[in-house]
Amino acid sequence: MDAVDVIDRALTIELVRVTERAAVAAARLRGRGDERAADEAAVSAMRRELDRLPVCGTVVIGEGESDEAPLLWIGEQVGTGQGPRVDIALDPLEGATLCAKAQPNAIAVLALAEAGSLLKAPNVYMDKIAIGPGYPPGTVRLDRAPAENLASLAAAKGVEVSQLTACILDRPRHLRLIDAVRAAGAAIRLITDGDVAGVIHTTDPEETGIDIYLGVGGAPEGVLAAAALRCTGGQMQARLLLDQPESRRLAAAVGIKDFSKIYDLSEMARGDVLFAATGVTDGGLLSGVRFGRRGVTTETLVMRSSTGTTRRIRAEHAQTEKFHLD
């Protein structure tokens with residue numbers, strides 16, 4: 001059976017419902033200063049909606065190991081059990097701190113692919129580099145210096161390096177990277193959290209102002225970002241940072257043998273991939289949830305790799321009872 005036939009196109013709108021539920025649940029706690037409560041609300045809402053998804057799903061990127069996450073743990077079976085066997089990667093609230101502080105770019109995100117198609121990444125750090133679509137293969141590579149990658153991207157884009165903007169997580173570990181990017185002549189947009197959104201921003205630089213993502217973030221977030229880029233034709237490379245015994249143990253537990261391997265996009269997300277992200281707070285990528293007298297308004301980005309289709313769905317929900325947890 002062709003991969004395109006494995007995943008029914010009707011699942012696209014079903015994924016939107018899942019991320020909408022999680023986003024609305026988290027948004028009710030925007031700006032309240034309680035990251036844990038917002039995250040738990042999003043997790044519960046997403047889990048409930050996933051139970052209705054017509055698939056035999058396995059969570060490969062989730063909330064943690066089975067002994068540390070009560071819901072949506074890695075290896076958990078979700079869906080109705082009637083439908084295709086699929087891998088599911090998720091983050092019910094990517095940017096919990098952003099939500100708690102009512103800052104930009106908190107999203108609810110979910111990716112789905114045929115079983116065995118998504119990298120089973122342990123919960124460790126991952127070094128990443130990513131750009132959007134439209135550039136020759138190999139335009140950027142993780143094993144090159146930042147200045148070399150920026151020069152290559154600028155040449156491919158037909159601009160000077162000074163016209164590029166890199167997105168980097170604002171962390172002490174990135175001080176040398178930040179210095180190198182600025183020394184090369186590029187601008188930097190520092191973000192406090194939300195590196196899935198940071199990578200996705202590279203897919204539409206004219207809208208977001210971001211040309212390239214660089215730096216170290218979470219490996220689970222890296223797989224989710226790869227799923228999004230798989231749908232848009234972007235480029236990404238990544239390497240797990242396994243410099244501690246515990247991180248190597250976690251990697252070995254999910255079947256990783258080469259601890260120094262650089263993963264290409266096709267090795268992190270293969271075949272037909274569906275991806276959905278709903279805004280929780282306003283951002284450069286999506287508008288956040290709106291609560292009004294007439295109901296709830298959401299905005300979702302949903303993509304499919306086999307068709308190269310990207311849709312923005314602005315939904316007005318007059319019947320808000322569906323967002324109430326049982």
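What counts, and where the lines are drawn
Residues numbered from 1 in each chain as written. Predicted model: local features only at pLDDT ≥ 70, side-chain atom pairs only at ≥ 80, totals over all residues. Heavy atoms only, no water. Pairing = 2+ DSSP bridges. Helix = DSSP H or I, 4+ residues; strand = E, 2+ residues; numbered from the N terminus. Axes fitted to C-alpha atoms, helices over the stretch in contact; angles between N-to-C directions. Contact = heavy atoms within 4.5 Å. Core = buried A, V, L, I, M, F, W, Y, C linked by side-chain atoms within 4.5 Å. Buried < 20%, exposed > 50% of the residue type's maximum accessible area, 1.4 Å probe, protein only. Expected span 1.5 Å × (residues − 1). Arc of directions from axis to C-beta. Salt bridge = Lys/Arg side-chain N within 4 Å of Asp/Glu carboxyl O. Parallel < 35°, antiparallel > 145°, perpendicular 65-115°, else oblique. Left-handed = near helix turned anticlockwise from the far one by under 90°. Nonpolar A, V, L, I, M, F, W, Y, C, P; charged D, E, K, R; others polar.

Caption draft 1: A look at the sheet that holds strand S7 (residues 187-191). In spatial order, the strands read S7-S6-S8-S5-S9-S10; together these six strands make up an open sheet with mixed pairing. In this open sheet, the two strands that pair with only one neighbour each are S7 and strand S10 (262-264). Averaged over all pairs of adjacent strands, the angle between their axes in this sheet comes to 20 degrees, without regard to strand direction. Across the sheet, helix H6 (residues 175-184) lies against strand S6 (165-169), S7 and strand S8 (212-218), angled at about 150 degrees from S7, the strand it touches most.

Caption draft 2: Just the nonpolar core, in detail. Met236, Leu240, Met268 and Phe275 are the most contacted members of the largest nonpolar core, which has 49 residues in total. If you tally residues by element for this core, the top one is helix H9 (residues 219-232), at nine residues. Apart from residues no more than four positions distant in its own chain, phenylalanine 275 is found in contact with Leu15, Val109, Leu110, Ala111, Ile200, Leu224, Ala227, Ala228, Cys231, Leu301, Val302 and Met303. Ranked by size, the runner-up nonpolar core spans 38 residues in total, among them Val18, Leu53, Val59 and Leu274.

Caption draft 3: Seen up close, helix H5 (residues 146-157). For H5, spanning 12 residues, the distance from its first C-alpha to its last is 16 Å, which sits close to the expected 16 Å at 1.5 Å a residue. The set of residues buried in H5 consists of Asn149, Leu150, Leu153 and Ala154. Here the buried residues of H5 occupy an arc of 130 degrees about the axis, which is enough to place them on one side. For H5, the secondary structure elements touched by its buried residues are strand S5 (125-131), H6 and S8. Positive backbone phi, approximately 75 degrees, marks glycine 158, located one or two places after H5.

Caption draft 4: Main features of the environment of tyrosine 125. Within the secondary structure, tyrosine 125 sits in strand S5. A relative accessible area of 46% places tyrosine 125 in the partly exposed class. For the pair tyrosine 125 and valine 16, spaced 109 residues apart in the sequence, the C-alpha separation amounts to 28 Å. Setting aside residues up to four positions removed in sequence, tyrosine 125 forms contacts with Arg173, Val216, Gly217, Ala219, Arg239, Leu240 and Leu241.

Caption draft 5: Here's a closer look at the pattern of salt bridges. One pass over the full model with this rule turns up 17 salt bridges. Among the ionic pairs, arginine 312 bridges to glutamate 299, the shortest N-O distance being 3.6 Å. With arginine 312 in strand S14 (residues 309-317) and glutamate 299 in strand S13 (residues 295-304), this residue pair connects regions lying 13 residues apart in the sequence. Exposure remark for arginine 312: the relative accessible area of 43% places this residue in the partly exposed category. Overlapping salt bridges, with partners in common, bring together Glu20, Arg21, Glu49 and Arg52 in one network.

Caption draft 6: Just the packing of helix H2 (residues 11-27) against helix H3 (residues 35-50), in detail. Where H2 meets H3, the closest approach of the two axes is 7 Å, and the angle between their N-to-C directions is 155 degrees. With respect to each other, H2 and H3 are oriented roughly antiparallel. In the packing of H2 onto H3, the handedness of the crossing is right-handed. Contacts between H2 and H3 involve Arg17, Val18, Thr19, Arg21, Ala22, Ala25 and Ala26 on the former and, on the latter, Ala38, Ala41, Ala42, Ala45, Met46, Glu49 and Leu50. When the residues that make up the contact of H2 with H3 are grouped by side-chain class, the tally is 10 nonpolar, one polar and three charged.

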